Amino acid sequence: MTMTETTQPSRRALLKGAAAGLVVGFHLPGRDALAQATTTAATTPEINAWVVIRPDDTVVIRMARSEMGQGTRTGLVQMIAEELHCDWSKIVTEYVTPGQSLARNRAWGNFQTAGSQGIRQSQDYVRRAGATARVMLINAAAAEWQATPEHCVAKDSVVTHRPTGRTLRYGQLAAAAARQTPPAAVTLKDPKDWTVIGTSRPRLDTADKTTGKLVYGSDLKMPGMLLAASQQCPVFGGKVKSFDAAKVRNMAGVRHVVQAGDNAVAVIADTYWQAKTALDALPVEWDYGPNRNVSSDTIAAMLREGLNASEAFVGNTNGDAKAAIAAAPRKIEATYGYPFQNHAPMEPMNATVVWTPTRCDVWCPTQNGEAALAATAAAAGLPQTACDVHRVDLGGGFGRRTTHDWLTQAVLIAKQVPGVPIKTLWSREEDMVQGRYHPVTMCKMSAGLDASGNLTGLHMRISGQSILAYVFPTALQNGRDAATFQGLNPTGAEGQFGYTIPNLLIDHAMRNTHVPPHFWRGVNHNQNAIYIECFMDEMAHATGQDPLAFRRKLMGNHPKHLAVLNAVAERIGWDKPAPQGVFRGIAQQMGFGSYVAAAAEVSVDAAGKLKIHRIVAATDCGVAVNPRQIEMQVEGSFSYGLSALLYGECTVKDGAIVETNFDTYDVLRLAEMPPVETIVMPSGGFWGGVGEPTIMVAAPAVLNAIFAATGKRIRQVPLKDQDLKRA
């Protein structure tokens, strides 16, 4: 349906120009506007599920994937526009709802926006949608002229009859084209003929983002809306024991004090400030449950036990690694660790819900509309056909908004006030302590080398959490979590190991704790790249070899991995002396369908203060839909990855997360962000992701450079906990 703005954004005067999110001008309607928009959509010719063309030549391209600043909307439009041959200046976009898709037998396919899937996993069918619409428009023009379609050509939203020069605009043809029978098959353009894909088109969201026109979920207003502030038991697994609603029921603006599920309480008021003030004053007694005594220390002890456990799930193996290491004349061993980390999006979790006994509508920022619809229906106690989810652009996601605990809570709250729009907005503190976290792991690396310094055997033992065991336990393979081995797999687009080692064993001792893990930008690649790439560096230095040369000896069977590694080495000037006092590190990895590498230059002063002078990044994503957007994604991923490296750590005390805001969970500042030089080097023939891959090489490249600068090997992040003074 066509969406139109009916409300003014809140707080926007304070936030204009701020980089809080990168989103396009799609505006959320109230319920009356929804009905009007549906009527408008019904009278506008739909060429197919993806393409609607208005009489004024406006081309409406529908979106199933979510925009959260990564540029998916612009990239998807480029692919459809490439085949549609439409006028770029007249394109607008709109979200479709998962309810609409359900009613049309999933006409829009997958709604999930995660794992760098937005473009690479929908590129084929959205391009075919554009090509199909173009053919139908051409056929409609040919029928109007009583001409042969082969004599007609489409360009810039105009169909021209080549023999006579007659023309018809897309807006003039749309109604007739909508009545055409879609072709059974279409031929997509040869990549050599692309004129839109592969070009750096400006982002479609820039204007609305800059002017503050965009409405995020936290900005949304509706007539008669009430605001809810909620609090859950601070210990995961705990419950509400009791609360005294009478103590706050008469405070200013308070309408309702309710329990949401078995673990949360909420205050509903006229304004959020009133709701939050009353919630802070609400006496609540918690049943903390069995996890009250868990701490970071007890979790670490559990992980250390797993490093030497006799049983583990195997992810990659060949030869006999343990025997090769035992027989090797030289052995190297090291243990690494990676902490819990918070997604920490700038926009906290929120949702606006209208529930009645027969219908439930939700307005929220989500990375997966279909999963949000399922969560809504389950919490609402209604069939999915009686519910729908109206998406707004996200003020950050990074994987957090692929799970919907917050939405379930919002629906449970709204159910207690039927027929009234209730916006539940988490505070920053609630968002931080009720997260779904990057998994905590340790890794024991053991290697055997021959007398010439050649690697003869490698055992990589990971001990730590399984994301799938928590999120999708049915996806486990006989108890094994395949996602744990991202970047370490023998084959596969999601993360092929980039080295050939004669004797190899990579396994996982699953050790789960009560702190819920989840997909976090880069997922398990983040720690896996540190473990393998820093240990590669250790082995090279221990045997007196150049780290690049050491890797190259193991990469003969991995030309694409090697190509990106060579590219960053050449650009950074690896074979030339670095500036005085500056030291270099290098790393590579493959994941999310793409090959990436990074080279970093750093210095560390006598007091141990780190300065990252420069990072060079190379990405081979197969097809580069928008090179400039790829550059921006690489830069953004490095900012996120370096924040994690320098500061990202969530600790546990008395069963609860300690870090409750950005004063204790710090992020990279502008002055700390190094210049990033991006090499986009698509080799063609495949479609890789962009949003997540390069984050995984940021940390190991910098860590290896720190060792070169200080002689200290940092094996536990974040760096805020480490002494970087020269050894």
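Parameters at a glance
Residues numbered from 1 in each chain as written. Predicted model: local features only at pLDDT ≥ 70, side-chain atom pairs only at ≥ 80, totals over all residues. Heavy atoms only, no water. Helix = DSSP H or I, 4+ residues; strand = E, 2+ residues; numbered from the N terminus. Rg over C-alpha atoms; globule rule 2.2 N^0.38 Å. Buried < 20%, exposed > 50% of the residue type's maximum accessible area, 1.4 Å probe, protein only. Contact = heavy atoms within 4.5 Å. Areas by Shrake-Rupley, 256 points an atom, 1.4 Å probe, with all protein chains shown as cover. Expected span 1.5 Å × (residues − 1). Domains from an automatic or database assignment. Salt bridge = Lys/Arg side-chain N within 4 Å of Asp/Glu carboxyl O. Polar contact = N/O pair within 3.5 Å; in protein donor to acceptor, adjacent residues only side chain to side chain. Nonpolar A, V, L, I, M, F, W, Y, C, P; charged D, E, K, R; others polar. Pairing = 2+ DSSP bridges. Axes fitted to C-alpha atoms, helices over the stretch in contact; angles between N-to-C directions. Parallel < 35°, antiparallel > 145°, perpendicular 65-115°, else oblique. Left-handed = near helix turned anticlockwise from the far one by under 90°.

Caption draft 1: Looking closely at the overall build of the chain. Along its length, the chain carries 19 helices and 26 strands. Expected size for 727 residues packed as a compact globule is a radius of gyration near 27 Å; at 27 Å, the chain falls within 12% of this value. Here the C-alpha coordinates of the chain stretch approximately 80 × 80 × 50 Å along the principal axes. Residue burial in the chain is summarised as follows: out of 727 residues, 61% are buried. A separation of at least 24 residues holds for 77% of the contacts in the chain among residues at least 6 apart in sequence. Summed over its atoms, the accessible surface of the chain is roughly 27,100 Å², and 53% of this surface lies on carbon and sulfur atoms.

Caption draft 2: Spatial organisation of helix α17 (residues 559-572). Here α17 is 14 residues long and its end C-alpha atoms lie 20 Å apart, about the 20 Å a rise of 1.5 Å per residue gives. Within α17, burial applies to H561, L562, V564, L565, A567, V568, A569 and I572. Where α17 is buried, its residues touch α16 (547-552), β21 (583-591), β22 (594-604), β23 (610-620) and β26 (676-680). Phi for G573, located one or two positions after α17, is positive at around 80°.

Caption draft 3: Structural context of the domain arrangement of the chain. What the domain assignment lists for the chain is domain 1 (11-209), domain 2 (222-289 + 349-425) and domain 3 (296-341 + 437-721). In this complex, domain 1 contributes 30 residues to the contact, which on the side of domain 2 involves 26 residues. At the boundary of domain 1 and domain 2, one finds two salt bridges. Across the pair R106 and E370 runs a salt bridge, and its minimum N-O distance is 2.7 Å. At the junction of domain 1 with domain 2, the criterion picks out 14 residue pairs in polar contact (both at pLDDT 80 or more). It is helix α4 (residues 98-103) that contributes the most residues to the side of domain 1 that touches domain 2, four residues altogether. A breakdown of the residues in the side of domain 1 that touches domain 2 according to their chemical character gives 16 nonpolar, nine polar and five charged.

Caption draft 4: Focus on the sheet that holds β21. A sheet is described by the order of its strands in space; here four strands give the open sequence β21-β22-β23-β26, paired in mixed fashion. In the strand order of this sheet, the two ends are held by β21 and β26, each with one partner. The sheet shows a mean angle of 15° between the axes of neighbouring strands, direction not considered.

Caption draft 5: Focus on the side chain of R73. Turning to its location among the elements, R73 is positioned in helix α3 (residues 72-84). Given a relative accessible area of 4%, R73 falls into the buried group. At 2.9 Å, the side chain of R73 forms a polar contact with the side chain of T93.

Caption draft 6: Representation of the sheet that holds strand β4 (residues 152-155) in the model. In space, the three strands of this open sheet follow the order β4-β5-β6, with antiparallel pairing throughout. Two strands lie at the open edges of the sheet, namely β4 and β6 (166-169), each paired on one side alone. If you compare each strand with its neighbour and ignore which way they point, the axes differ by 25° on average. Where strand β5 (residues 158-161) lies against β6, four bridges are found, and the strand directions are antiparallel. Each bridged residue has a counterpart across the sheet, and for T160 the counterpart in β6 is T167. Set on the sheet, helix α5 (residues 123-145) makes contact with β4, β5 and β6; between it and β5 the angle comes to about 45°. Along the sheet, helix α6 (residues 170-178) contacts β4, β5 and β6; its crossing angle with β6, the most-contacted strand, is approximately 75°.

Caption draft 7: Expanded view of the environment of R162. By the element assignment, R162 lies in the loop between β5 and β6. A sequence separation of 538 residues divides R162 from P700, and the C-alpha atoms of the two residues are 58 Å apart. A polar contact of 2.6 Å, which involves the side chain of R162, links it to the backbone oxygen of E150.

Caption draft 8: Broad picture of unusual backbone geometry. For the peptide bond that leads from V717 to P718, omega is 10°, which places it in the cis range. Relative to the helices and strands, P718 resides in the segment after α19 (695-710). Unlike most non-glycine residues, D57 shows phi in positive territory, near 80°. Here D57 shows up in the loop between β1 (51-53) and β2 (59-63).

Caption draft 9: The arrangement of the pattern of salt bridges in detail. Taken as a whole, this structure holds 40 salt bridges when the rule is applied. Among the salt bridges present, the one from K189 reaches E82, with a minimum N-O distance of 2.5 Å. Residue K189 is located in the loop between α6 and α7 (206-211), and its partner E82 is located in helix α3; the two are separated by 107 residues in the primary sequence. Relative accessible area serves as the criterion here: at 1%, E82 is assigned to the buried category. Note that D666 is salt-bridged to R669, the shortest N-O span being 2.5 Å. Here the salt bridges do not stand alone but share partners, grouping R571, R584, E601, R614 and E677 into one network.

Caption draft 10: Molecular detail of the packing of helix α15 (residues 525-542) against α19. Running from N to C, α15 and α19 cross one another at 30°; their axes reach a closest spacing of 8 Å. Taken together, the axis directions place α15 and α19 in an arrangement best described as roughly parallel. Of the two elements, α15 crosses α19, and the hand of that crossing is right-handed. When α15 is examined against α19, the residues H525, N526, A529, I530, E533, C534, D537 and H541 are found in contact with a partner set consisting of I695, M696, A699, P700, L703, N704 and F707. Residues that form the contact of α15 with α19 fall into these classes: nine nonpolar, four polar and two charged.

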